[in-house]
Amino acid sequence: SGFFLGTLIAPFYFASPENRWGELLHPYIPSWLAPSNEGGAMRIFFESAPAGYEIPWHVWAVPLGWWACLIGALAFALLCMAVMLRKQWVENERLVYPLISPVADLIASSESERLLPEIVRHRLFRIGFGAGLGIMAWNALVFFWPTLPRVDYFHHWWNLLRNYPTMTSGFNIYTFGFGYFANVDVLFSVWLFYLIYWAQTGFFVRVGFDMGPGTGTVAGWECTGGLFAMVAWALWSSRGHLKAVAHKALDSKCEVDDSGELLSYRTALLGFVGGTGFALFWFYSAGMEMGVGVVLILGMYVTFLGLAKVVSESGMLYLAWPVSPQALVAGAMGLQTMAAGSIITMGFTEGLFFHGKGMFMSGFAQTAKMADLAGGNTRRLAFGMGLALVVGVALCFSIMIGWGYENGAYNLHEFPFRYGRVNLFPKVADQVQSAEGFATTRMMFFGLGVGVMSLMTFLRYRFPWWPIHPIGFAIGANGRIMKSVFAIFWAWACKALILHIGGVVLYQRLRPFFVGLLAGYALGVGLSFAVDCIWFPGQGHRVHIY
């Protein structure tokens, strides 16, 4: 929410004669798209309000209302997409869903009438729970007695070779714990392709090859091509199921059963079309050309869908795309063919996806799987999810705006509030003046990624002995992978060793330990937060980081 709000108000607050935003950007920004600086409202938001100042909600109401409509339309369209693909992913392809596996173990039914589930009474669960909670409890003691040695699992940066990307040895327990429930070949491919992309990036730096500032790396464009090829194959594999979904949506007498879905197939199909249509109309009203809007929303959907499938197979909590849909549209269509309104509105949309996260799609895919475990009336689950989303977004916006006026958003020392000034709108202003056409080099590497991913997918499905899962190629150059790869490697090493020694039987026997480790660590993070709130208000400590 801080990133979104910082993006929304940056063009006005940070405009100056030097950057010429008033000339290049302001004439193309509709009055309802961003809050105005009426009465110095934006200046006070960044610099803090004087005593007795009342927050000018009327300045925020119209733009936030229209943006909320866009967020709601996109969120509902993504939920509909998740509903239409649930059966294909859960029942036909049988994706692993590592984020859901520990939850399934915790809520598994038991013949016993005891309150706690069977797995909680398992000795290995208690050992793992104690380990996860114990680490956090010990570090909480360090808050009070700093001379004690801390269990340090945070990032330590080091350079293996000159001019090659920096590596980190940070160990995230969530990534490690959930990784245990992923397929071992998926884990192997992730860290393998991270090393391949690391070597490739370093080589290009050493030879002086550069595609220009703000355009992404070679590896990032290859990854993006791989992600698009992966989604294309996923949709092609789902064509039979999607045809049945459409048949059921158009003919209520069709024998296809959708009673167990979060939404009926008819609602899902109409909601997807309606939400997408509203988003396109919104983009057009904001100043974006219809053709650019169609390509942008297609790029967004493919990226969201690809990330959701990767999360469903790998269990990676921290994941994002290496090249944004906005950068892909600019490279594929050429800036010289776009009107200034298209470029500026496209820049604003980056505020919806902090650092390339997949909006709500990954969470909706997990919820669709959870509906299978929950049973009962899944339609009520969908309603509850929507209500939580509405309340959550409204609370986040109101809290962040209140904090901004109380403390001064620019005094919070948070990167999201500075991104619009430092990274986003300087780039947008340059793009408005750019005469760049089709980005031949970038799209060449994008096409190379499509080709390599297609080949790897063919090998994977054609030869059962092929050991490398293609999913690693699609995400190996991701910035989040760099901070997670150390934990992914150890998750792969542990699971591979367990399967080699005892096979599936030993893997199943050790599941309670990893469920307990995740549960204990999660509780420890919450308790550490409570300790900070009670004994160190306004100060805080480094508790958990990805």
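Description of the structure in this document. (Residues numbered from 1 in each chain as written. Predicted model: local features only at pLDDT ≥ 70, side-chain atom pairs only at ≥ 80, totals over all residues. Heavy atoms only, no water.)

As for its placement among the helices and strands, glutamate 93 is situated in the loop between helix H4 (57-92) and helix H5 (101-106). Note: C-alpha distance between glutamate 93 and serine 238 (145 residues apart in sequence) is 9.3 Å. Not counting the four nearest positions on each side in its chain, glutamate 93 is found in contact with Gln88, Ser237, Ser238 and Lys309. Side chain to side chain, glutamate 93 and lysine 309 meet in a polar contact 2.8 Å long. (Helix = DSSP H or I, 4+ residues; strand = E, 2+ residues; numbered from the N terminus. Contact = heavy atoms within 4.5 Å. Polar contact = N/O pair within 3.5 Å; in protein donor to acceptor, adjacent residues only side chain to side chain.)

As a further point, take the packing of aromatic side chains. Taken as a whole and judged by the stated rule, the model has 55 aromatic pairs. Their ring planes at 65 degrees and their centres at 5.2 Å tell us that phenylalanine 348 and phenylalanine 425 sit as a pair that is edge-to-face. With phenylalanine 348 in helix H14 (residues 340-349) and phenylalanine 425 in helix H17 (residues 415-433), this residue pair connects regions lying 77 residues apart in the sequence. With respect to burial, phenylalanine 348 and phenylalanine 425 carry one shared label: buried. (Phe/Tyr/Trp six-rings, centres within 6.5 Å; stacked < 30°, edge-to-face > 60°. Buried < 20%, exposed > 50% of the residue type's maximum accessible area, 1.4 Å probe, protein only.)

Orientation of helix H1 (residues 2-13) relative to helix H16 (residues 378-407), taken along the N-to-C sense of each, is 65 degrees, at an axis distance of 10 Å. In this structure, H1 crosses over H16, and the sense of that crossing is right-handed. Residues Gly2, Phe4 and Leu5 of H1 form the contact with H16, whose own contacting residues are Phe397, Met400 and Ile401. Tallied by class, the residues present in the contact of H1 with H16 amount to 5 nonpolar, 1 polar and no charged. (Axes fitted to C-alpha atoms, helices over the stretch in contact; angles between N-to-C directions. Left-handed = near helix turned anticlockwise from the far one by under 90°. Nonpolar A, V, L, I, M, F, W, Y, C, P; charged D, E, K, R; others polar.)

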